[in-house]
Amino acid sequence: MDFAEIRKKAVAKWEALQSSKTPVIYLGAATCGRAAGIEAVAEEIRKTSKKLNLNIKLVEVGCIGPCYLEPIIYIQKNGHPSVCYGKITSGKIKKLLEDYLVNNDPRPDLALGTLGDGQLNGIPGLFEHPMLKYQTRLVLRNCGIVDPEQIDHYIARYGYLGIKKALEMSPLEVIDEVKTSSIRGRGGAGFPTWKKWEICHNVQSDDKYLICNADEGDPGAFMNRSLLEGDPHAVLEGLLIGAYAIGANHGYIYIRAEYPLAIKRLEHAISQMKAYNLLGNNILGSDFSFDIKIKKGAGAFVCGEETALIASVMGKRGMPMPRPPFPAISGVWGKPTIINNVETLGTLATIIRRGGEWFSGFGSESSKGTKTFSLVGKVKQTGLIEVPLGTSLKTIIFDIGGGIAGDKKFKAVQTGGPSGGCIPAELSSLPVDYESLMSAGSIMGSGGMIVLDEDTCVVDITSYFLSFIQAESCGKCSPCRIGTKVMLDILEKIKSGKGEMADIDKLSSLAETIKNASLCGLGQTAPNSVLSTLRYFRSEYEAHIVDKSCPALVCKDLIKYAISEEKCAGCGVCRKQCPAGAITGKKKKVHIINESLCVKCGICYQVCPSKYGAVEKTTGFLT
Amino acid sequence: MKNTIKDIIKPYQGEKGSLIPILQAVQEKTGFISEDAVSTIALSLNMSEHEIYGVATFYTQFRYTKPGDHMVKVCLGTACHVRGGEQLLNRTENILNIKPGQTTPDSAFSLERVACMGCCALAPVIVVDDKIYPNVTSPKVEKIISKYSSPDEKE
Ligand SMILES: Cc1cc2nc3c(=O)[nH]c(=O)nc-3n(C[C@H](O)[C@H](O)[C@H](O)COP(=O)(O)O)c2cc1C
Ligand code: FES
């Protein structure tokens, strides 16, 4: 079957689904949806539809982004636009199916919005939802819309037209188109994609490798997982285009083992590609041949770094190597190798199909295109978003994220993961692009965005990152191995109230040394969290050192719990839950915490009914 | 034992750089990397056992003792950390009376800390076996664990 025919069939299949006479229920079944309980919801839908004698079709889709609303389902009936419902529980299913499928009432009061063309009972479009309104979805365009296990859905929505077009161009023309788009690597370093491709293209070799970096080691980030689960073919098509451009004949996807669903989706997608001659020998009848293997990571953050990743692919300890030689010249098994991030690859098919100039129309002067971010932490509306580069932090956190959970005060946002830094609330009008984030002392990184409120202690979060880095340091070079350990020790000392003012200077000078002398990106960026928090939150460090107090009431050694005599109603919930047996008190009488037994786990603080709010935290008692 | 390890290795024979996938397959099928497994792998890949331990211990995924019937993983990624992951870990340690990396004496549970399950928008999360529990609070930990305790262990 040639591609035109494959495409014609795929389009017919997709259109038939859209205009299906049988009602279709789409299930948001990415990892987040599954965690929130979509499988139980699906089971309930099956049961209820049987009871109501309804014939329905269930289709699993990826995640459309507002994860805080999971589990999410969409009901499509009679070719009307599908109606999206969030926070669905098994208990709500029966009524909803009766109302909409039997009695024709789509329940506008429960609906989040409609998806697809046309209007329905005054329900607004889903993309009018505050969380989606400010987004521009280029790379996520199919996530939550198509069934990721159906290559035909992808093909019907212009899939594999990018590689088709690329194969009609010369590799250098492809590289040129990517240059016009100005896309920079989305994995962290932001290196122009065309530039490393060109270097590799110009090296002569019988074997070349292109690796998709799906290690996503940044803890607190899940952009790559979501894309691979929701639209694996977009990434695979990008891999084909990149391979053709640089002349690679072997591909790897290096993916973290913590993403079993993404791995499953990729394996499935690869077998479908083979069936359509999109992989293997003479792809789509051209001279271009390429194969793809999946390599599972084994739990080492440093393996996201290019030279460490290459060592790991070859079955060795994932230790970085000094450069040069650069991987583009000598990488896997000594052959020219290019490594690209999942999102970079996921964007390429659209760039080739619609043109570099079209893509560079999005974004800011210096940073072109869109970028996905995982918006998490203390924000109301958490999830995965995609915005044009140059969008301000304020828009992201307050318009898309809906502001701070519990209406607490916004304190800072952490970007770039362990290699990045904290940007304070004062800088919230900062545009999110490579240069602005860098000048504010952080980095774009791969797209983790963790919102911190007044209850987050910056000394604590900094020591959190340092302990992560210190545990993940491969140990090869001493600035990183020893330097991060010494920094961590100092931070822990400060957290425990034993810090001295001289420690702040020690941290700054250590940071400079580690930054300049480390072998790889892990060590070179490790001090960023320390430097950025010292720059913006020095007074909070000083409070820990001078006043022995933790203003955010987080650092265990500097806080204490007590029960307010006026507020305690003697309900006994805290006494029953206290794991240390530190709370005493008779029923309906004021309870007391025995400080010498208290382990400061904070459970009493959490379980005290909010109508009493009797457990109180204090700090600053040591002075 | 030796035979099954050999069977696991077979499909990878002759493939370059296959040590890590072999270790992963062995752990997936047998639960951990035993000394026996290492010597069998060493023989068939023509490597020294030292080399194999050298590679295996670099990666946090590999275990060298038999895990319990249920694996409890508490996420301490950044999103989970800022939403109270540490408290969940303390609570879990208390309930199971073990530290991360250990297994309960009755072999019912093993405890591990992990750095992000990719479910950060629903932080903090706990994973038991393959099931992810979202938005967990300290009081909920007990309920989750008790689902996996067999009745006679519950007292
Ligand atoms: C310690 C460390 C960890 C990294 N982790 C990742 C990762 O998880 N995913 C990723 O795509 N890039 C990661 N990178 C960046 C990669 O080394 C590399 O720059 C990137 O994959 C290149 O792809 P791109 O040009 O498409 O961004 C990491 C870098 C360092 C130094
Ligand atoms: S930080 Fe816990 S799931 Fe990502």
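Where the parts come together, the accessible area they lose is often given as the size of the interface. All names here are of chain A. Here chain A is described as being made up of domain 1 (16-128), domain 2 (160-359), domain 3 (370-453), domain 4 (458-546) and domain 5 (556-619). If you average the C-alpha positions of domain 3 and of domain 4, the two centres end up 22 Å apart. Facing the 16 residues of domain 3 at the interface are 15 residues of domain 4. Interface area for domain 3 against domain 4, summed over the two sides, is near 1,200 Å², with a carbon-plus-sulfur share of 64%. In terms of surface lost to domain 4, no three residues of domain 3 exceed K411, P418 and C422, which account for 42% of the buried area on that side. The closest approach of N and O atoms between E540 and K411, which form a salt bridge, is 3.0 Å.

Below, the discussion takes up the pairing of strand β9 (residues 337-341) of chain A. Along any regular strand, the residues point their side chains to alternate faces of the sheet. Residue and element names in this part refer to chain A. For β9, the tally of buried residues reaches five of five residues, placing the bulk of the element in the interior. Every second residue of β9 is oriented toward a common face, with T337, I339 and N341 on one face and I338 and N340 on the other, all of them buried. Direction of pairing for strand β6 (residues 209-214) relative to β9: parallel, over a ladder of five bridges. Along β9, the bridge assignment pairs C212 with N340.

Let's shift gears to the interface of chain A and chain B. Counting residues at the interface gives 54 residues for chain A, matched by 40 residues for chain B. Counting the surface lost from both chain A and chain B, the interface buries some 3,700 Å², and carbon and sulfur atoms represent 58% of this. When the buried area of chain A at its contact with chain B is split by residue, A:A298, A:R317 and A:Y464 rank highest and sum to 15% of it. Counting the contacts that link chain A with chain B gives one salt bridge. Linking chain A with chain B are 21 residue pairs in polar contact (both at pLDDT 80 or more), by the criterion used here. Listing elements by their share of the side of chain A that touches chain B, those giving two or more residues are α2 (31-36), β8 (291-296), α13 (306-313), β10 (370-377), β14 (448-453), α18 (458-472) and α25 (603-607) of chain A. With five residues, the single largest contributor to the side of chain A that touches chain B is α18(A). Tallied by class, the residues present in the side of chain A that touches chain B amount to 30 nonpolar, 14 polar and ten charged.

Before going further, it helps to spend a moment on the packing of aromatic side chains. Ring pairs (aromatic) are described by centroid distance and by the angle formed between their planes. All names here are of chain A. Applying the stated criterion to the full structure yields twelve aromatic pairs over all chains. Taken together, a centroid distance of 6.4 Å and an interplanar angle of 90° make the contact between Y26 and Y74 edge-to-face. Here the residue Y26 occupies a position in strand β1 (residues 24-28), and Y74 occupies one in strand β3 (residues 73-76), the gap between them amounting to 48 residues. With respect to class, Y26 is no different from Y74; both count as buried. A centroid spacing of 5.3 Å and a plane angle of 70° characterise the contact between Y464 and F465, whose relative ring orientation is edge-to-face.

Residue and element names in this part refer to chain A. Inspection of the secondary structure puts T391 in the loop between β11 (383-388) and α16 (393-400). Looking at T391, its side chain comes within polar contact range of the main-chain oxygen of P388, at 2.6 Å. The contacts of T391, once residues within four sequence positions are left out, are I396, L430, P431 and V432.

Domain parsing of chain B yields domain 1 (2-56) and domain 2 (70-153). The distance between the C-alpha centroids of domain 1 of chain B and domain 2 of chain B comes to 30 Å.

Residues and elements named next belong to chain A. Remark: helix α11 (residues 232-246) packs on helix α12 (residues 260-275), axes separated minimally by 10 Å, with the N-to-C direction vectors making an angle of 60°. Taken together, α11 and α12 sit at an angle that is classed as oblique. Considering the relative orientation of α11 and α12, their crossing is right-handed. Here α11 contributes P232, H233, L236 and L240 to the contact with α12, which in turn contributes R265, L266, A269, I270, Q272 and M273. Split into classes, the residues belonging to the contact of α11 with α12 amount to seven nonpolar, two polar and one charged.

Residue and element names in this part refer to chain A. G187, K196, N340, N341 and T344 are the nearest of the 18 residues found near ligand 1. Contacts to ligand 1 include N340, whose side-chain N or O atom sits 3.0 Å from an oxygen atom. In the complex, 90% of the free accessible area of ligand 1, which totals 610 Å², lies under the protein chains. If you list the elements that add at least two residues to the shell around ligand 1, you get β9 and α21 (521-525).

What follows deals with the sheet that holds strand β13 (residues 421-424) of chain A. All names here are of chain A. Taking strand neighbours across the sheet as the criterion, the five strands line up as β11-β10-β14-β12-β13 in an open arrangement whose pairing is mixed. Each edge of the sheet is formed by a strand with only one pairing partner; in this case those strands are β11 and β13. On average, adjacent strands in this sheet sit at an angle of 30° to one another, irrespective of strand direction. With four bridges joining them, β10 and β14 adopt parallel strand pairing.

We now examine a nonpolar patch on the surface. Taken together, the side chains of A:I199, A:F326 and A:I329 define a hydrophobic patch exposed on the protein surface, amounting to about 270 Å² of accessible area. Relative to the helices and strands, A:I199 is located in helix α9 (residues 193-201).

The rules behind the values
- Residues numbered from 1 in each chain as written.
- Chains lettered and ligands numbered in written order.
- Predicted model: local features only at pLDDT ≥ 70, side-chain atom pairs only at ≥ 80, totals over all residues.
- Heavy atoms only, no water.
- Domains from an automatic or database assignment.
- Contact = heavy atoms within 4.5 Å.
- Buried area = accessible area lost by both parts, 1.4 Å probe.
- Salt bridge = Lys/Arg side-chain N within 4 Å of Asp/Glu carboxyl O.
- Buried < 20%, exposed > 50% of the residue type's maximum accessible area, 1.4 Å probe, protein only.
- Helix = DSSP H or I, 4+ residues; strand = E, 2+ residues; numbered from the N terminus.
- Pairing = 2+ DSSP bridges.
- Polar contact = N/O pair within 3.5 Å; in protein donor to acceptor, adjacent residues only side chain to side chain.
- Nonpolar A, V, L, I, M, F, W, Y, C, P; charged D, E, K, R; others polar.
- Phe/Tyr/Trp six-rings, centres within 6.5 Å; stacked < 30°, edge-to-face > 60°.
- Axes fitted to C-alpha atoms, helices over the stretch in contact; angles between N-to-C directions.
- Parallel < 35°, antiparallel > 145°, perpendicular 65-115°, else oblique.
- Left-handed = near helix turned anticlockwise from the far one by under 90°.
- Near = heavy atom within 4 Å.
- Areas by Shrake-Rupley, 256 points an atom, 1.4 Å probe, with all protein chains shown as cover.
- Patch = residues over 30% accessible without salt bridge, like charges linked within 9 Å, V, L, I, M, F, W, Y side chains within 5 Å.

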